[in-house]
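For reference, the chains in residue letters:
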There are 2 protein chains.
Amino acid sequence: MERSSFADFSCSISRTLEVVGEWWTLLILRDLFLGFERFDEIQRNLGLASNVLTARLKRLLEQGIVERHTDLQDKRVWRYTLTEQGRDLYPVLLALTAWGDKWRAPGGLKPLHIRHASCQHVSNAVPHCAICGEKMRLDNISFEAGPGGREAPGTALIGQVLRQHKPGKPEK
Amino acid sequence: MERSSFADFSCSISRTLEVVGEWWTLLILRDLFLGFERFDEIQRNLGLASNVLTARLKRLLEQGIVERHTDLQDKRVWRYTLTEQGRDLYPVLLALTAWGDKWRAPGGLKPLHIRHASCQHVSNAVPHCAICGEKMRLDNISFEAGPGGREAPGTALIGQVLRQHKPGKPEK
């Protein structure tokens, strides 16, 4: 029963992990965000086997996260860049960074600084509401069954739990 | 050269993935955030093999992300809950959810709704700056070498690339 895909789970976390959840994939995306474009650069930076990098990039190309074009100076070389879908993953990387900076940086020394141009400070991301702009904290958000939910592997019991946990809340 | 750990990489993304990056782990955390506490509930919800769930929970316990205590009604049963470190991962799950809701929800039907109590709307998270509170977008953040950076596998070339960067513009 070891599953090799989350693609059929009715869950947006699962579906995102289906695209970016493989070992190495988020670090490859990190490198693309940092401006690495060449296979050999990414491989040297990460120190991973070329067959693994090939497989991960192939999947990211298939999923529409990455696109490639030939190098203008050397036609034998591919350059990999993020598509709109790919660039839209930056909140995931910012969230992973913030947690690692807070909980896994020895001596509090951050490996990388993220500077926010609006305030000029080295900072990290926190989640705010896309609608009202105020902070989203665990104590001011709640979860409700959505129209795309299903009772199936991956989410077999979630519907029940959501109905039990929020008896007073309107379900939409 | 297939690596089985990112723990020694000087990168907060890698260090976070070392804790939550294994297949299934983020979905187990999702279930804990949704209020599942019992091994058998999580197993039934996800439909995963018990040896895999055992291994993932063991690692989360060792890493201080999850704690367990015996059920008050049935002493043979463990209840698993998130620690402070674990709860602090909610921005990662919100970011994964937002991307999946936007890019992988067939018909735009979200599997789960996140309601923000402050504004009462069903919403998703976007990253804001922890210091000034304004939005963090790809075009208003820049990356700089931090004091905890190292030139080693995982981040072998990042230092060079960051030094070449002009703030706000990924320069090749």
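About the cut-offs
Residues numbered from 1 in each chain as written. Chains lettered and ligands numbered in written order. Predicted model: local features only at pLDDT ≥ 70, side-chain atom pairs only at ≥ 80, totals over all residues. Heavy atoms only, no water. Helix = DSSP H or I, 4+ residues; strand = E, 2+ residues; numbered from the N terminus. Rg over C-alpha atoms; globule rule 2.2 N^0.38 Å. Buried < 20%, exposed > 50% of the residue type's maximum accessible area, 1.4 Å probe, protein only. Contact = heavy atoms within 4.5 Å. Areas by Shrake-Rupley, 256 points an atom, 1.4 Å probe, with all protein chains shown as cover. Lys, Arg positive; Asp, Glu negative; His and termini not counted. Charge placed at Lys NZ, Arg CZ, Asp CG, Glu CD. Phe/Tyr/Trp six-rings, centres within 6.5 Å; stacked < 30°, edge-to-face > 60°. Lys NZ or Arg CZ within 6 Å of the ring centre and 35° of its normal. Salt bridge = Lys/Arg side-chain N within 4 Å of Asp/Glu carboxyl O. Pairing = 2+ DSSP bridges. Axes fitted to C-alpha atoms, helices over the stretch in contact; angles between N-to-C directions. Core = buried A, V, L, I, M, F, W, Y, C linked by side-chain atoms within 4.5 Å. Disulfide = S-S within 2.5 Å. Buried area = accessible area lost by both parts, 1.4 Å probe. Polar contact = N/O pair within 3.5 Å; in protein donor to acceptor, adjacent residues only side chain to side chain. Nonpolar A, V, L, I, M, F, W, Y, C, P; charged D, E, K, R; others polar.

Novice: Honestly, the overall build of chain A in this entry has me stumped. Any pointers?
Specialist: Helix and strand counts for chain A stand at seven helices and six strands. Reading the secondary structure of chain A in the N-to-C direction produces α-α-α-α-β-β-α-α-β-β-β-β-α. Relative to its length of 172 residues, chain A is extended, with a C-alpha radius of gyration of 20 Å against a globular reference of 16 Å. With the principal axes as the frame, chain A shows a C-alpha extent of 65 × 45 × 30 Å. Split into buried and exposed, the 172 residues of chain A put 55% on the buried side. Once local pairs closer than 6 in sequence are excluded, the contacts in chain A between residues at least 24 apart make up 43%. Summed over its atoms, the accessible surface of chain A is roughly 7,900 Å², and 51% of this surface lies on carbon and sulfur atoms. Put simply, chain A has 24 plus and 20 minus side-chain charges, and the middle of one group is 3 Å from the middle of the other.

Novice: What is the right way to read the packing of aromatic side chains from this model?
Specialist: Each aromatic ring pair is described using two quantities: the centre-to-centre distance and the angle formed by the ring planes. A complete count under the given rule lists eight aromatic pairs over all chains for this structure. A cation sits over an aromatic face here: R68 of chain A above W78 of chain A, 3.8 Å from the ring centre.

Novice: What should I look at first to understand the pattern of salt bridges in this one?
Specialist: Pairing of side chains with opposite charge becomes possible as their charged atoms draw close. With the rule as written, the count across this model stands at 21 salt bridges over all chains. A salt bridge links D31 of chain A to R30 of chain A; its shortest N-O distance comes to 3.0 Å. For the pair D31 of chain A and R30 of chain A, a shared accessibility class is recorded, and that class is buried. For E144 of chain B, the salt bridge is made with R115 of chain A, and the minimal N-O distance between the two is 2.5 Å. Placement of E144 of chain B in strand β6 (residues 141-145) and of R115 of chain A in strand β3 (residues 112-116) is noted, with the two residues assigned to different chains.

Novice: Help me understand helix α2 (residues 25-34) of chain B, please; the structure alone is not making it clear to me.
Specialist: All names here are of chain B. Within α2, ten of the ten residues are buried, which leaves the element mostly enclosed by the surrounding structure. For α2, every residue scored as buried is listed here: T25, L26, L27, I28, L29, R30, D31, L32, F33 and L34. G35 lies just past α2 and shows a positive phi near 110 degrees.

Novice: Help me understand the sheet that holds strand β4 (residues 121-123) of chain B in this model?
Specialist: Sheet strands pair via backbone hydrogen bonds, and the direction of the pair is either parallel or antiparallel. Spatially, β6(A)-β3(B)-β4(B) is the arrangement adopted by the three strands of the open sheet, whose pairing is antiparallel. One side of each edge strand has no neighbouring strand; the edge strands of this open sheet are β6 (141-145) of chain A together with β4 of chain B. Strand-to-strand twist across the sheet, computed as the mean angle between neighbouring axes with direction ignored, equals 45 degrees.

Novice: Is there a simple way to think about the nonpolar core in this case?
Specialist: If you look at soluble globular proteins, the nonpolar side chains tend to sit buried side by side. In this structure, L29 of chain A together with L29 of chain B are the most contacted members of the largest nonpolar core, which totals 98 residues. Setting aside residues up to four positions removed in sequence, L29 of chain A forms contacts with V20, L60, I65, V66, L82, L89 and L93 of chain A.

Novice: What's the story with the sheet that holds β6 of chain B in this structure? I'm lost.
Specialist: Taking strand neighbours across the sheet as the criterion, the three strands line up as β4(A)-β3(A)-β6(B) in an open arrangement whose pairing is antiparallel. Edge positions in the open sheet fall to β4 (121-123) of chain A together with β6 of chain B, since each of these has one partner strand only. Going from strand to strand, the sheet's axes swing by 45 degrees on average, the running direction of each strand aside. Summarising the sheet, β3 of chain A and β6 of chain B pair through five bridges and their orientation is antiparallel. Bridge pairing in β6 of chain B places I114 of chain A opposite F143 of chain B.

Novice: What's the story with the state of the cysteines in this structure? I'm lost.
Specialist: By definition, a disulfide is the covalent link that joins the sulfur atoms of two cysteine residues. A complete count under the given rule lists zero disulfides over all chains for this structure. A disulfide-free cysteine, C119 of chain A has its sulfur positioned 3.8 Å from the sulfur of C132 of chain B, the nearest such atom. A relative accessible area of 16% means that C119 of chain A is categorised as buried.

Novice: Is there a simple way to explain the interface of chain A and chain B in this structure?
Specialist: By a frequent convention, interface size equals the accessible area lost on bringing the separate parts together. Opposite the 113 residues of chain A that make contact, chain B presents 110 residues. With both chains or domains summed, chain A and chain B bury close to 10,000 Å², and 66% of this area falls on carbon and sulfur atoms. Taken together, chain A and chain B are joined by four salt bridges. In this structure, K102 of chain B engages D88 of chain A in a salt bridge whose closest nitrogen and oxygen atoms are separated by 3.0 Å. Counting the contacts that link chain A with chain B gives 57 residue pairs in polar contact (both at pLDDT 80 or more). In the side of chain A that touches chain B, the residues fall into 60 nonpolar, 30 polar and 23 charged. Note that strand β5 (residues 125-129) of chain A and strand β5 (residues 125-129) of chain B share five bridges and pair antiparallel. Looking at β5 of chain B, one finds that C129 of chain A is bridged to A125 of chain B.

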